[in-house]
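Each chain, letter by letter, is given below.
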Amino acid sequence: MARCTATRNLEVHHKRIDGGNRLNNAQVLCQKCHVNTSSFGTHGHNPPDFSETTKQEALKQAGHRCECTKDNCHN
């Protein structure tokens, strides 16, 4: 699987809605890949935003690049 190469319009996504706001539940995605997640735009429980510190650390760990590896998501 190829990793998305986007480096702009990055967002920090919750891997699991009920997984908390720690770094281990954060995934960096570009807007296009974020919209293609199964939980994007669903009604109901929305987790609180990540802190700026967590967002910055997630971006750093991701190399300031989208972490999506799904097929047909970012092509």
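Residues numbered from 1 in each chain as written. Predicted model: local features only at pLDDT ≥ 70, side-chain atom pairs only at ≥ 80, totals over all residues. Heavy atoms only, no water.

### A few points about the environment of Thr53
Mapped onto the elements of the fold, Thr53 is located in helix 2 (residues 52–61). With 15 residues separating them in the primary sequence, Thr53 and Cys68 have C-alpha atoms 21 Å apart. (Helix = DSSP H or I, 4+ residues; strand = E, 2+ residues; numbered from the N terminus.)

### Looking at the environment of Gly41
Mapped onto the elements, Gly41 comes out in the loop between helix 1 (31–35) and helix 2. For the pair formed by Gly41 and Cys73, sequence separation is 32 residues and the distance between their alpha carbons is 16 Å.

### A look at the pattern of salt bridges
One pass over the full model with this rule turns up two salt bridges. The salt bridge involving Asp18 is made with Arg16; its shortest N-O contact spans 2.8 Å. The closest approach of N and O atoms between Lys55 and Glu52, which form a salt bridge, is 3.5 Å. Linking Lys55 with Glu52, this pair stays in helix 2, spanning three residues, or about one helical turn. Take Lys55: its relative accessible area is 25%, and that puts it in the partly exposed class. (Salt bridge = Lys/Arg side-chain N within 4 Å of Asp/Glu carboxyl O. Buried < 20%, exposed > 50% of the residue type's maximum accessible area, 1.4 Å probe, protein only.)

### Considerations on the confidence of the model for the protein chain
Averaged over every residue, the pLDDT of the protein chain is 88; residues scoring 70 or more account for 93%. Looking over the protein chain, one finds the lowest element-wise mean pLDDT in helix 1, namely 91, and the highest in helix 2, namely 97. (pLDDT = per-residue confidence, 0-100.)

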